[in-house]
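What follows is the residue order along each chain.
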Amino acid sequence: MPSLFSSYQLGGLTLPNRTVMAPMTRVRAAAGGLATPAMATYYAQRATAGLIISEGVQPSLVGQSNPGTPGLHTDEQTASWRQVTDAVHVNGGRIFAQIMHGGRVSHHETTGFQPVGPSAVPGVGDVFTPSGPQPLPVPRALETEEVPEHARSYADAARRAVDAGFDGVELHGANGYLISQFLSSNANLRDDCYGGSVTNRIRFAVEATAATVEAVGGARTGIRLSPGGGIWGVEENDATELNIALLRELAHLDLAYVHLEATADDDVLLQLRKTWQGTLIVNPTMPTGPRQTGLSEAEQWLDNGAELISFGRGFIANPDLVERLRAGLPIAPVDQATFYQGGDAGYLTYPAYHHTA
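Everything in this summary refers to the structure shown in the same document. (Residues numbered from 1 in each chain as written. Predicted model: local features only at pLDDT ≥ 70, side-chain atom pairs only at ≥ 80, totals over all residues. Heavy atoms only, no water.)

**Side note on unusual backbone geometry**
Applicable threshold: Each helix is a run of DSSP H or I of at least 4 residues and each strand a run of E of at least 2, with the numbering of both proceeding from the N terminus.
Backbone geometry places V27, a non-glycine residue, at a positive phi of 40°. Within the element layout of this structure, V27 appears in the loop between β3 (19–21) and α1 (37–45). In the Ramachandran plot, N175 falls in the positive-phi region, its phi being about 60° despite a non-glycine side chain. Inspection of the secondary structure assignment puts N175 in the loop between β10 (168–172) and α5 (178–183).

Right, dumping it as structure tokens:
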């Protein structure tokens, strides 16, 4: 079994260890979806991760989910990210941008548009808006001829990401956002070529990924999936069959990696491991669950055949998480009250471990 602290060759990148900083929404962007100097500091502080995957970045205004999130669909946004990628690279790190189209998980108060989705079926839960949390609205079902435009939006954002200095991109196909909605058996009620059968429901994910590969290359493209996750009310009543079919199609694209969340039982994830012969990143604990990923969970999934392990909350409170895991040092707890409040508190204020005599 490889060590969590051994190097790994990911396409053209040599990762010094097998830890991945998972994408996490932090809503610290400036007006207009611009990256900020504070964001540059935040990511640079965590550059000892083998790979950083940024927070979700919207590829279009209608694709924005929450207020305060950054974009990659204007020249100003692209330019603003260069301070982030430069800071990470100067500190010896590597960073992919996660491209996230919220689909129906959005609100007109945030974007000025009615959210869009595969069908006119609202998600479950409240979404943040400029005036506070509000129930998810009924989205507008995309017309068949509109769907390819939204698939291409991932590729357009990927080009901008590479221009901004990112080492690659991850398509957010998980957690109930647009790609996940198309994969779903209850959010996608379409009767055209994008709905109904498993073959049709995976079509949007494959088209978005293929367009991104054409734009920036397979070695710079990954995708994140949450099999059977149920987040934002999205269901996959055929999660194993669906995700195996999707991985078989993605295998033709020579992707940098597939990133799986532990939203299904281990036996399902192990079937997907056997199906996907390329690099696999596993996030071993439920994203919204009570446990954080630790060394034991990481080692279990390295033993199960994953090449890389992603850590979410652990990286928020521990900018030096890799060294803490390596040396067996205490892992600092996170303050959930500061996750989305803005400002530097709970963002830039977590220190590295302080050794005392």
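So that's the structure; there's more coming.
**A word on the pattern of salt bridges**
How we decide: Salt bridges are defined by distance alone: a side-chain nitrogen of Lys or Arg within 4 Å of a carboxyl oxygen of Asp or Glu. Burial classes: relative accessible area under 20% of the type maximum marks a residue as buried, over 50% as exposed, and values in between as partly exposed (1.4 Å probe, protein chains only).
Per the stated rule, a full pass over the model turns up nine salt bridges. The closest approach of N and O atoms between D156 and R159, which form a salt bridge, is 3.0 Å. With D156 and R159 both in helix α4 (residues 147–163) and three residues apart, this pair spans about one turn of that helix. Residue R159 is classed as partly exposed on the basis of its relative accessible area, which comes to 40%. For E307, the salt bridge goes to R273, with nearest N and O atoms at 2.9 Å. Of the two residues, E307 sits in the loop between α10 (295–303) and β14 (308–311) while R273 sits in helix α9 (residues 266–275), which places them 34 residues apart along the sequence.

**A few points about the packing of α1 against helix α2 (residues 75–90)**
Quick note on the threshold: The axes are straight lines fitted to the C-alpha atoms, using for helices just the contacting stretch, and the angles between their N-to-C directions are given from 0 to 180°. An angle counts as roughly parallel when it lies under 35 degrees, as roughly antiparallel when it exceeds 145, as roughly perpendicular when it falls between 65 and 115, and as oblique in every other case. A crossing counts as left-handed when the near helix is turned anticlockwise from the far one by less than a right angle, and as right-handed when that turn is clockwise. By definition, residues are in contact when any of their heavy atoms lie within 4.5 Å. For this classification, Asp, Glu, Lys and Arg are treated as charged, while Ala, Val, Leu, Ile, Met, Phe, Trp, Tyr, Cys and Pro are nonpolar and the rest, including Gly, are polar.
Packing of α1 against α2 brings their axes to within 8 Å, and their N-to-C directions diverge by 25°. Regarding the angle of α1 to α2, the classification is roughly parallel. Crossing of α1 over α2 shows right-handed handedness. Where α1 approaches α2, its residues P37, M39, A40, Y43 and A44 are matched on the opposing element by W81, Q83, V84, A87 and V88. Considering only residue class, the contact of α1 with α2 consists of nine nonpolar, one polar and no charged.

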